[in-house]
Every structure is written in C-alpha cells, then in structure tokens.
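The primary structure of each chain is shown beneath.
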Amino acid sequence: MAHTAVISNNKGGVSKTELTVQLAAALARAGQRILVVDMDPQANATRRLGIEWDANEPIPTMSEVIKADQSGSGEGAVVACGWTSPDGNPTAEAENIDVLPARFDLINRETEAGVIGAVRRLQKALDGWTDDYDIILIDTRPDLGHLVQMSMAAADTIIIPTDPNYDSVEAAIRVNDFVTRHAIDIANPTLTVGGIVVTRRKATIEHDYQIEGLRDQFGDLVWNLGGLVKMSDGSELLNPPYIPEWSRFAEADAAAVSLSDWNDRNGRKTVALYDAVARTYLARFLGTKGMAA
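Bear in mind the structure is a predicted one, so any value in this text is a computation, not a measurement. Along each chain, residues carry numbers from 1 onward, in the same order as the chain's sequence is written. At least 70 in pLDDT is required for a residue's local features to be given in this predicted model, at least 80 for side-chain atom pairs to be given and counted, and no such filter applies to totals for whole chains, interfaces and linings, which use all residues. Values shown for side chains rest on all heavy atoms present in the structure; no hydrogens or waters enter the calculation.

### Re the overall build of the chain
Then, in step 1: Secondary structure elements are defined from DSSP: runs of H or I of at least 4 residues count as helices, runs of E of at least 2 residues count as strands, and each element is numbered from the N terminus. Along its length, the chain carries nine helices and nine strands.
Then, in step 2: Just to be clear, the radius of gyration here is over C-alpha atoms, and the globule rule we use is 2.2 Å times residues to the power 0.38. Against the compact-globule benchmark of 19 Å for 293 residues, the chain has a radius of gyration of 18 Å, which places it among compact chains.
Then, in step 3: Principal-axis analysis of the C-alpha atoms places the extent of the chain at approximately 55 × 50 × 35 Å.
Then, in step 4: Partly exposed residues are those whose accessible area sits between 20% and 50% of the maximum for their type, while under 20% is buried and over 50% is exposed, using a 1.4 Å probe and protein chains only. Considering the chain as a whole, with its 293 residues, one finds that 54% of them fall into the buried category.
Then, in step 5: Residue contacts are counted whenever heavy atoms from the two residues lie within 4.5 Å of one another. A separation of at least 24 residues holds for 76% of the contacts in the chain among residues at least 6 apart in sequence.

### Quick look at the UniProt feature "domain: AAA" (unreviewed entry) in the chain
Then, in step 1: UniProt positions are given in the numbering used here, feature names are shortened, and annotations may be inferred rather than shown by experiment. With numbering matched to this structure, UniProt assigns "domain: AAA" (unreviewed entry) to residues 5-178.
Then, in step 2: Taken end to end, residues 5-178 is 30% helix and 16% strand, and its two terminal C-alpha atoms sit 16 Å from one another.

### Points about unusual backbone geometry
Then, in step 1: A positive phi angle is found at S15, which is not glycine, with a value near 70°.
Then, in step 2: Along the chain, S15 falls in the loop between β1 (3-7) and α1 (16-29).
Then, in step 3: Unusually for a residue other than glycine, D69 sits at a positive phi of about 55°.
Then, in step 4: Mapped onto the secondary structure, D69 falls in the loop between α3 (62-68) and β3 (79-80).
Then, in step 5: Look at D69 and you get partly exposed, because its relative accessible area is 25%.

### Description of the environment of D220
Then, in step 1: Looking at where D220 falls in the secondary structure, it is placed in the loop between α7 (205-218) and β8 (227-230).
Then, in step 2: Residues D220 and R141, spaced 79 residues apart in sequence, show a C-alpha to C-alpha distance of 26 Å.

### Side note on the pairing of strand β7 (residues 192-198)
Then, in step 1: Where burial is concerned, most of β7 is hidden: six out of the seven residues are buried.
Then, in step 2: In terms of strand pairing, strand β6 (residues 157-162) meets β7 through six bridges, oriented parallel. Of the residues in β7, the one forming a bridge with P161 is V197.
Then, in step 3: If the strands point away from the viewer and the path from the first strand over the helix to the second runs clockwise, then the crossover is right-handed. With helix α6 (residues 166-182) bridging β6 and the parallel β7, this β-α-β connection has right-handed handedness. Strand pairing is assigned whenever DSSP detects at least two bridges linking the two strands.

### A few points about the nonpolar core
Then, in step 1: As used in this record, nonpolar core signifies buried Ala, Val, Leu, Ile, Met, Phe, Trp, Tyr and Cys residues forming a set joined through side-chain atoms within 4.5 Å. Residues V37, M39, M62, L122, M152 and I158 are the most contacted members of the largest nonpolar core, which totals 48 residues.
Then, in step 2: Top contributing element to this core by residue count: α6, with six residues.
Then, in step 3: Discounting residues that sit within four places of it in the chain, L122 has contacts with V37, M39, M62, I66, I138, M150, S151 and A154.
Then, in step 4: Counting 40 residues, the second-largest nonpolar core is a separate cluster that includes L27, W83, V99 and V271.

Written out as structure tokens, the structure is:
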C-alpha cells in the first residue's frame with residue numbers, strides 16, 4: 001500500500017510546490033514509484049512536472065475526478081511526468097513519476113463542500129488502483145479549506161514546509177492545530193503531522209530566531225538535513241540543515257525541470273540536499289535509509 005503525504009501550509013510562498021515536485025524527483029532517484037496529486041487550482045505542480053494543458057487535446061484533471069465522486073475515478077486521469085532528456089525520451093526520474101494533474105477549474109469543487117461525503121471524494125478516487133505506487137504526494141493550496149481537508153482525509157501524514165518568517169511559522173502552527181483538533185472530523189482520526197521542512201532559509205538573526213521557535217514548538221518533527229554526503233564522483237558535500245533560498249530552486253521551478261538537469265556544482269548541491277529530504281522521508285515513514293548520495 002502506498003504511503004500518502006499531504007504537503008500543506010496555511011500560507012503561500014513557502015516553497016510548498018517546490019518541495020512536492022523536487023521531493024518526488026529525489027524519491028524517484030531512490031527507485032521509488034511516485035504518484036503526485038495536484039490538488040491546487042493554480043496547477044503549479046502540474047506545470048513543473050512537464051504537463052501543459054492543451055485546449056485542442058483536453059485531458060481529464062482533478063476537477064473531473066473529484067466531481068465524479070466514484071471509487072477509483074482517479075485512475076483514468078493519470079498522466080506520465082513530462083520531463084524529457086535531450087533526445088526526447090522520458091528522464092530516468094520521469095519514468096518513476098505519474099501525475100494526477102490539476103487545472104484552474106478545480107476551484108469549482110470548493111462549492112460542493114456541503115455535499116454529504118464530499119470530504120472523502122479524493123480518498124474514493126484513489127481507492128483500488130494505487131498499490132503499484134510506493135508513495136503518493138499531494139500538493140495543496142495555501143489554506144485549510146475544502147480541497148485541503150479532502151486531501152488530508154486521504155493521507156497518512158502531513159508534511160509542513162515553512163520559511164522561517166513569523167507569519168509562515170504561525171501558519172504552520174495553525175495546520176498542526178487543525179490536524180490535532182479536526183482529524184476525526186474529516187474521517188481520518190489517525191492523521192498526524194510527520195515533519196516540518198524549513199525552506200528559503202537565509203543566514204539572518206531573525207531566521208535563526210524563528211527556527212529556534214519552530215524547534216521549541218515541534219521538537220524532532222523539524223527535519224535536520226545537514227551532514228557530509230559523498231557523491232557518486234567521489235567528491236564530498238556538506239548539506240546545510242535546512243533548505244536555503246538558493247537561486248537554482250527558482251530556476252528549476254521556472255524551467256519546469258528536475259534539479260538534476262544541471263550537472264554543475266550548484267546543481268549537485270541542490271540535488272544532494274533534496275536527496276537528504278528523500279532519505280529523511282524514507283527513514284521516517286517507510287522504515288528504510290533507502291538511497292545513496
């Protein structure tokens with residue numbers, strides 16, 4: 001059975017979609033089979049995974065999947081990750097990643113929150129066909145509304161990315177409080193927060209202060225990614241403990257590619273860091289160290 005994680009924060013701009021996409025790539029490099037479910041009407045994860053909407057050749061998206069309200073309805077909307085190598089073939093990572101894409105009209109499903117059983121629609125859509133995947137990652141919009149609650153109802157755990165700024169940290173706490181108080185109300189009483197991933201960290205006193213506050217609030221749930229890693233070429237890199245605000249992340253987001261598309265030192269640094277995120281995920285949730293650098 002696939003392990004399912006929702007990537008959630010009540011505030012935007014905290015690298016939520018970046019974490020979803022690049023964690024999927026890192027887990028794929030580790031040999032895991034990944035399904036990414038885009039539950040954000042902005043559809044940024046869909047685009048960054050190389051899938052473009054074509055009005056002349058429309059494909060089903062999560063709006064139709066959720067509207068169907070049928071067991072297994074997601075299977076017919078699955079598409080392969082669109083990342084390709086220079087020769088036009090799927091990259092090695094893409095071969096291990098499938099996507100349930102989104103489009104802006106997914107927002108229409110918000111208005112159906114009052115329909116009986118609506119919070120279980122995503123869970124129903126994933127029933128009966130996802131056992132071939134090792135991990136399901138669900139990207140969500142930056143709130144705690146119906147689409148996010150539907151995602152949480154289908155998940156085993158929540159991963160909260162947050163930059164170390166006051167408003168973002170407060171939003172992370174709100175997500176944790178929501179899960180603690182309302183997991184039973186969304187028919188998923190065993191749901192818990194499984195990790196806090198610090199993103200966009202800068203070497204400032206304010207960010208250090210906010211990270212210390214996160215540690216006080218969440219303890220070991222704050223993932224420490226730091227450590228010396230040996231690369232396949234024999235070189236060594238020292239990972240920072242948290243994800244910094246490096247320009248390469250924004251470049252990968254804009255280009256809709258994996259960080260592994262670059263083979264310069266900055267590329268190797270970013271890949272090594274997300275490989276550490278993947279190792280932490282595998283160790284915490286699947287009970288395995290799972291991969292080499």
